[in-house]
Amino acid sequence: MRFGIFIYDGVEPIDLATYGVLSMAQRIVPEISICTIAPSRGPVALANGLKVTADYDIDDAPGCDVVIFTGGPGWAAQAKAPATLDYVRRVHASSRIASVCTGGMILAASGVLDGGPATTKIEVVPPETSPVAIMRERYPEIDVREAMLVERPDKVVTGGGVTLCIDTTLHLLSQMFGEHVANETARILEYRRAWRVNREAFGPILSGRPAAQGG
C-alpha cells in the first residue's frame, strides 16, 4: 500500500507530520510504503529554510493508493501551476486523494472539490486572511466547512490546518486498514488523548465512507 506525500517549495514543515504518522504506522502494517512527490525531483525548500529531497517528480511518480497534498505558504504558487493542477486531476481520476492544511487550496484550484463539501486551514495571525474564507470566496462551487476534516464519497478527504494533518492521516489509516490500525498508531504516537479531544470538540464531517481495505 503506497502513500505519496506531495511537497513543494514553501510547504510548512509541520505538514510533514503526515510522513511521520505513516512511518509509525509501518510498525503495525509493514506493507505501507511512503514516497515524496514534488513538481520537480530533488531538493525542495520548505518554509523557513528546511530542505528535503523529493523522491519523484509529478511526471515519474509511481501510482499511489493515496496522495496527500500538504500545505504552507507556497500553496498560492501551486494553485496557479498548470502541471500541478493536472497532476491533482490525474490522481483524483485513479486513486484516493487527500489534503492537509492549505493543501486543500490546491485541490480547490484544480476543480476536484467542486460540487461537494471541503475544508482547509482556519486559524491565522492577523492581518492574514483565513484560508477557509479565501476558499469560500474564490470557489463558490465548493460547500466550504469549518471542520477537523471532511470525507466525501468520491475518495477525497480534506483536512484542517497545521497539526490536524496528524488527525487526517490517522483517519486515512482507519479507512484503509481499519479503526484498530489507526487507534494503535495513535497510541504509539502518544496522540490518543489529543485525537479523542479533537474529534469530540471539532468533529469530522463524513459525507460518505469508502469501505476499509484490509485489516
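Structural notes, computed from the coordinates.

### A closer look at the overall build of the chain
Moving on, step 1. Scanning the chain from terminus to terminus reveals 8 helices and 12 strands.
Moving on, step 2. For 215 residues, the compact-globule estimate of 2.2 N^0.38 gives 17 Å, and the chain sits close to it at 16 Å.
Moving on, step 3. Principal axes of the C-alpha set define a box for the chain whose edges measure 40 × 35 × 35 Å.
Moving on, step 4. Out of the 215 residues belonging to the chain, those deemed buried represent 53%.
Moving on, step 5. Long-range pairs, those at least 24 residues apart, make up 70% of the contacts in the chain with a sequence separation of at least 6.
Moving on, step 6. Within the structure as shown, the chain displays about 9,400 Å² of accessible surface, and the carbon and sulfur contribution to it stands at 51%.
Moving on, step 7. Counting 20 positive and 24 negative side-chain charges, the chain places the centres of these two groups 3 Å from one another.

### Some thoughts on helix H7 (residues 179-188)
Moving on, step 1. Along H7, the residues that are buried comprise Val 181, Ala 182, Thr 185 and Ala 186. Axial view of H7: buried residues confined to an arc of 135°, hence all on one face.
Moving on, step 2. In this structure, the buried residues of H7 make contact with helix H1 (17-25), helix H6 (164-177) and helix H8 (192-201).

### Thoughts on the nonpolar core
Moving on, step 1. In this structure, Leu 113, Met 135 and Leu 173 are the most contacted members of the largest nonpolar core, which totals 66 residues.
Moving on, step 2. If you tally residues by element for this core, the top one is H6, at 8 residues.

### With respect to the pattern of salt bridges
It is possible for side chains bearing opposite charge to pair when their charged atoms get close.
Moving on, step 1. Overall, the coordinates contain 5 salt bridges when judged by the stated rule.
Moving on, step 2. Put simply, Asp 86 and Arg 89 hold a salt bridge, and the shortest N to O gap is 2.7 Å. On the criterion of helical spacing, the pair formed by Asp 86 and Arg 89 is a turn pair, its members being 3 residues apart in helix H3 (residues 82-94).
Moving on, step 3. Owing to a relative accessible area of 39%, Asp 86 belongs among the partly exposed residues under this scheme.
Moving on, step 4. Close ionic contact of Asp 154 with Arg 152 constitutes a salt bridge, the shortest N to O distance being 2.9 Å.
Moving on, step 5. Assessed through its relative accessible area of 29%, Asp 154 is described here as partly exposed.

### Here we look at a positive patch on the surface
Moving on, step 1. Together, Arg 192, Arg 193, Arg 196 and Arg 199 line one region of the surface with positive charge.
Moving on, step 2. On the secondary structure map, Arg 192 appears in helix H8.

### A word on the packing of H3 against helix H4 (residues 103-110)
For any two helices packed against each other, the geometry comes down to the angle between their axes and how far apart the axes lie.
Moving on, step 1. Look at H3 against H4: their axes get within 9 Å of each other, and the N-to-C directions meet at 85°. Between H3 and H4, the angle is such that the two are roughly perpendicular. Packed against H3, whose contacting residues are Thr 84, Leu 85, Val 88 and Arg 89, the element H4 presents Ile 106, Leu 107, Ala 109 and Ser 110 at the interface.
Moving on, step 2. When its residues are assigned to classes, the contact of H3 with H4 shows 5 nonpolar, 2 polar and 1 charged.

### A word on the sheet that holds strand E12 (residues 205-206)
Moving on, step 1. The strand order across the open sheet built from 8 strands is E5-E2-E1-E6-E7-E11-E10-E12, with neighbouring strands paired in mixed fashion. The open sheet has two edge strands with one neighbour each: strand E5 (56-57) and E12.
Moving on, step 2. Summarising the sheet, strand E10 (residues 149-152) and E12 pair through 2 bridges and their orientation is parallel. Among the inter-strand pairings, Val 150 is bridged to a residue of E12, identified as Ile 205.
Moving on, step 3. Set on the sheet, H6 makes contact with strand E1 (2-6), strand E6 (66-69), strand E7 (96-99), E10, strand E11 (156-159) and E12; between it and E10 the angle comes to about 30°.

### A short note on the packing of aromatic side chains
Moving on, step 1. Considering all chains together, one arrives at 5 aromatic pairs under this definition.
Moving on, step 2. Ring geometry for Phe 6 and Tyr 8: centres 6.0 Å apart, planes at 40°, overall tilted.
Moving on, step 3. Overall, the relative accessible area of 0% leaves Phe 6 in the buried class.
Moving on, step 4. A connected cluster of aromatic rings, assembled from ring pairs, spans Phe 6, Tyr 8, Phe 69 and Tyr 87.
Moving on, step 5. Above the ring of Trp 195, the side-chain terminus of Arg 199 is found at 3.8 Å from the ring centroid.

Calculation notes
Residues numbered from 1 in each chain as written. Predicted model: local features only at pLDDT ≥ 70, side-chain atom pairs only at ≥ 80, totals over all residues. Heavy atoms only, no water. Helix = DSSP H or I, 4+ residues; strand = E, 2+ residues; numbered from the N terminus. Rg over C-alpha atoms; globule rule 2.2 N^0.38 Å. Buried < 20%, exposed > 50% of the residue type's maximum accessible area, 1.4 Å probe, protein only. Contact = heavy atoms within 4.5 Å. Areas by Shrake-Rupley, 256 points an atom, 1.4 Å probe, with all protein chains shown as cover. Lys, Arg positive; Asp, Glu negative; His and termini not counted. Charge placed at Lys NZ, Arg CZ, Asp CG, Glu CD. Arc of directions from axis to C-beta. Core = buried A, V, L, I, M, F, W, Y, C linked by side-chain atoms within 4.5 Å. Salt bridge = Lys/Arg side-chain N within 4 Å of Asp/Glu carboxyl O. Patch = residues over 30% accessible without salt bridge, like charges linked within 9 Å, V, L, I, M, F, W, Y side chains within 5 Å. Axes fitted to C-alpha atoms, helices over the stretch in contact; angles between N-to-C directions. Parallel < 35°, antiparallel > 145°, perpendicular 65-115°, else oblique. Nonpolar A, V, L, I, M, F, W, Y, C, P; charged D, E, K, R; others polar. Pairing = 2+ DSSP bridges. Phe/Tyr/Trp six-rings, centres within 6.5 Å; stacked < 30°, edge-to-face > 60°. Lys NZ or Arg CZ within 6 Å of the ring centre and 35° of its normal.

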